[in-house]
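Working through the structure, step by step
Spelled out from the first residue to the last, the chains are:
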Amino acid sequence: MKKTLILLPVFLVLIGSGIYFYFHWQYANLTKWSFVPQHSIMVFQPTNWIKLLSSDEERKILVNLKSLPELQRTAASLDTLDSLIGGDYNIERVVAANDLLISVHQGANASLANLYILEVSDLSQHDFLAEAVKYLIEEEGFVQSERVYQGYTISEFKKAGTQLAYIFFRNYLILSFSPFLVDDAIRTLESGKHNPYTGNLNMEKTSQQLAVGEGRLYVNMKELNRLVHHFVDPVDIDGSNIEWLTDLLYLDLNIGEDDINFSGFSYIDTANVNYLSSFVGVKGTGFEMKNVIPDRSSLVMHMSFEDVNAWHNGLKNYWRKHQPSQLTRIGEIENKYQFDVQKFYDFIGDEMGFFVLESKKNLDREKIFCIKHKDRIRAENYMEELARDSRPDTSFYHERYANRIIGEILLDELPARMFGDLFAGFATSYYFVNRDFVFIGNSQHALEVMIDEIDTENTWRKSIKTNGFLESTNEGANLSIYVKSTGLWGLLGQTLNEDWSRYIEDNKPVLKQIEYAAIQFTGVDNKFYTNVHFQHPGRLIENQKPQQFDMIAEMGFAVPLTSKPYAVRNHNDRTLEMMVQDSTGNLHLISATNQVVLDILIEEQLTSPVYQVDYYKNGKLQYLFTTPHHVHMIDRTGVYIPGYPKEVKSNEPVKFLSLIDYDNSRNYRIMIATEKSFYYLIDKTGKELDGWNPLKLTGEPVMPAEHLRVKVNDYMMFLQDNGLAYSLNRRGEPKTGFPLDLKGTISSPLHIEKGASPKTTEVVAMTDNGELIVFNLLGAVTRKGQLRKEHSMENYKLVSSMDGENFIVVRNRQGSVEFFDEQLEKLFQINSPGENLQFQYYTFSEDNRVVIVIDPDTQRTSMYHLDGRILHDTPLRTGQELAILYHESTNEYELFVSGDQQFQRLRLKK
């Protein structure tokens, strides 16, 4: 039965074929649109509905979308129909181009219901009626009945919970799986009321035109807004802005090999004021802002306006009509903080943006509001003045980070107060000003991420893949919304209601293939050219199975390699290089072209990773690392920096090295920890600092010391194997609330998530007995969790991601390894007899997380996606940790592997 349910509309579309000539000449004013009810959300007019849904479509983007369960069943049903009708019947002739309307409505329980309206024009298909009815009754067991509604005879088929209703009227067939819609169509016809589409003069003219491409989509924004409220939690999403964006729009659909495009116009009623009305007569200018948008942004809203004051006046007219409270909010800050709105607009340039950064953990997304300014000095002075006025009883807070000044404005929802609720989410505002833009973040960390991304040129403009997508869009649009889906599906899953969240999660492998999307509006007289663009990577879902490693390069060495590959940057050409050590102590620097460009004899084995420092602050990078009794710093030619190597004054070997840069100013501090917890702190010249000559803590260190700065306070975090967690200041003095006794032995490092204050910063520890303990920088335990220990040989590890954004918990128990998320919910399980397994965890994006399982005893390493899928068909032959890059432009992992006497660069498809 299932394979024919979606097929039934096709069957009954053909039923009315024989009635065309009876009434056609008598009802010339009657059209398909006469049956569309007023509460229609959207109407789709396909040019070739059968071909669009057929199973033999070869365009990659359609092949993947048809993997969705609904479309998969439809394609199978169409195949069945082909074999059912046989003979001379041709579906494409029965459902001719532009003859069908599919009106979408809200059904029960936030579901969608469709009304099918077909204009019948071919008597030769009348015989199909008998065949279809016979098939439904005899083969599928449907029961046929009739009922009369307002004088119209409605035929119905029923079986179990499935219903189908239809009527013939004149030369039209009206049909639906939701019988109430057929009733609505009758009421619409009898009342003579216009639906939203034909009630609008411009839209009515459009509806009389033939659709092009794959069809035309008509959207009623008012009804769409009502639907949105049933799909989402209203606490998280306010759909009211959708309703007032515009009135109606029509879009022609075109499907390519790897993209879907809708293009057409949005209409605004001149008697009504919509959000787009604010852009009437305002020309768009461009998208220079893409140069500073962090590549990890998952959602970007961008506006451009040649005349910001004209746009602002239009915006105020919109607020007066629909949101008068917005003007009150502006008045509040004008009066309380002497906020001069006109002075503010005087330095605004021609672009404004809003970035939602991809979150790898929290629902509370980090957001950045961005304004292009006309004058940096005026912008800096204005923002500092506002920051000072917002905190009259305290001193102006500012923090230096990477030679920028970050200030704080103690004013809630500053962007939303100025520009509306579209830009909400700023409980407080942090800001900094660069050469072209003012950036306002809802956290200091958001701005630090922004600064780091700009400095490393990791922006949308510099991303080959993202910039390639932007080139297919209209950068001169007035209003654009860009989506980078790698970071969006998690947000959707958290904001949609339970049923739709489950649907997103169940079908994420299909949906996430749509990597980019954009919707744009460009003013043309009193309407707006509208384009919607979805881009697909061109890879088929069915091909996503364990892949083979492709060898990029392989290098042999005379003796075994004893370290993992350490990624370092060539400061001359910015290419990525690898440094690896062999059993004789030699350090080998391997270039991006797979050449050994430097050999350095160290003689001792490394006890730390290889860090890079800019010792002279001139952009040239040096290498910092430790051996059991020395700290080394060498330049790219292998020459030591003056004062190095520096001997560690301890009889114990060095266990950990920490590189500390308090404010990204390159005034480095270097901390060394020995095996028995003697800690030394030196500056970059090797000078020993007071309080650390050495400083002794009880127990043995579990991790390198970790520094973090919250507000203007510095915290040095330490964890010992006896369960004592320390927090010290720069001078080695304990912070209030520390040391904190976690009451259990510990062998995993801490995971630290910096918050806006010491109270909201979370520090996570995992004891060897499986207890997860979360505490803050005040020394207060805020949360605990427990994994039940069922065997004495079980061991637990807390594994932070390589970027420090989140963590997983691993339980190794008698031949099986279990992986848990941060809430201790089980993710997946693998079989492995190894007792000394090591783990790495990479989070390249919200839906691209990789766990590496390393068995040093068997020299085998495997990679798993966080959903439990193994990514390759044969394990890697190494017992060392890997270095991994992910290339978004090609959807490939690049692996750097050291094993035995071989160094390898490998490629693996995602």
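Residues numbered from 1 in each chain as written. Predicted model: local features only at pLDDT ≥ 70, side-chain atom pairs only at ≥ 80, totals over all residues. Heavy atoms only, no water.

When you go through the protein chain residue by residue, the secondary structure sums to 22 helices and 51 strands. Among the 910 residues that make up the protein chain, the fraction classed as buried is 57%. Look at the contacts in the protein chain between residues 6 or more apart in sequence, and 57% of them connect residues 24 or more apart. Only carbon and sulfur atoms are counted for the fraction: they give 48% of the accessible area of the protein chain, which is about 38,100 Å². (Helix = DSSP H or I, 4+ residues; strand = E, 2+ residues; numbered from the N terminus. Buried < 20%, exposed > 50% of the residue type's maximum accessible area, 1.4 Å probe, protein only. Contact = heavy atoms within 4.5 Å. Areas by Shrake-Rupley, 256 points an atom, 1.4 Å probe, with all protein chains shown as cover.)

So, on to helix H9 (residues 179–191). Here H9 is 13 residues long and its end C-alpha atoms lie 19 Å apart, about the 18 Å a rise of 1.5 Å per residue gives. Turning to H9, its buried residues number three or more, namely Pro179, Leu181, Val182, Asp183, Asp184, Ala185, Ile186, Thr188 and Leu189. Here the buried face of H9 lies against strand E2 (100–106), strand E3 (112–119), strand E4 (143–149), strand E5 (152–159), strand E6 (162–169) and strand E7 (172–176). Of the residues flanking the end of H9, it is glycine 192, one or two places downstream, whose phi is positive at about 75°. (Expected span 1.5 Å × (residues − 1).)

Burial of strand E28 (residues 630–634) is extensive: four of the five residues sit out of reach of the surface. The loop that links strand E27 (residues 622–627) with its antiparallel partner E28 comprises two residues. The sheet contact formed by E28 and strand E29 (residues 646–647) spans two bridges and is antiparallel. Pairing of histidine 630 across the sheet is with glutamate 647, part of E29. (Pairing = 2+ DSSP bridges.)

Here we come to the pairing of strand E50 (residues 892–899). Regular strands place their side chains on alternate faces of the sheet. With eight of eight residues buried, E50 lies mostly within the body of the structure. Both faces of E50 are covered, namely the face carrying Glu892, Glu894, Phe896 and Ser898 and the face carrying Tyr893, Leu895, Val897 and Gly899. For strand E49 (residues 883–887) and E50, the ladder comprises five bridges, and the chain directions are antiparallel. Among the inter-strand pairings, leucine 885 is bridged to a residue of E50, identified as glutamate 894.

Taking 1.5 Å per residue, 15 residues should reach 21 Å; helix H13 (residues 308–322) reaches 21 Å between its end C-alpha atoms and fits that length. Here H13 has its buried residues at Val308, Trp311, His312, Gly314, Leu315, Tyr318, Trp319 and His322. Down the axis of H13, the buried set is contained in an arc of 165°. They therefore lie on one face. The N-cap residue of H13 is aspartate 307: its side-chain oxygen and the backbone nitrogen of asparagine 309 are 3.1 Å apart. (Arc of directions from axis to C-beta. Polar contact = N/O pair within 3.5 Å; in protein donor to acceptor, adjacent residues only side chain to side chain.)

Right, let's get into the nonpolar core. Of all hydrophobic cores here, the largest spans 67 residues; its most connected members are Met303, Trp311, Phe344 and Phe419. Those residues in contact with phenylalanine 419 that sit more than four places away from it in its chain are Tyr275, Trp311, Leu315, Trp319, Gln326, Phe344, Tyr345, Ile348, Met352, Phe369 and Ile371. Counting 29 residues, the second-largest nonpolar core is a separate cluster that includes Trp33, Ile154, Leu181 and Leu248. (Core = buried A, V, L, I, M, F, W, Y, C linked by side-chain atoms within 4.5 Å.)

Read across the open sheet, the four strands follow the order E30-E31-E32-E33; overall the sheet is antiparallel. Looking at strand neighbours, the two that pair on one side only are strand E30 (654–660) and strand E33 (695–696), the edges of this open sheet. Of the pairings in the sheet, the one linking strand E32 (residues 678–683) to E33 comprises two bridges and is antiparallel in character. Looking at E33, one finds that tyrosine 679 is bridged to leucine 695.

Glancing now at the packing of H13 against helix H14 (residues 324–336). Contact geometry for H13 and H14: axes closest at 5 Å, N-to-C directions at 120°. Viewed along their axes, H13 and H14 adopt a mutual orientation that is oblique. For the pair H13 and H14, the contacting residues are Lys316, Trp319, Arg320 and His322 in the first and Pro324, Gln326, Leu327 and Ile330 in the second. Split by residue class, the contact of H13 with H14 holds four nonpolar, two polar and two charged. (Axes fitted to C-alpha atoms, helices over the stretch in contact; angles between N-to-C directions. Parallel < 35°, antiparallel > 145°, perpendicular 65-115°, else oblique. Nonpolar A, V, L, I, M, F, W, Y, C, P; charged D, E, K, R; others polar.)

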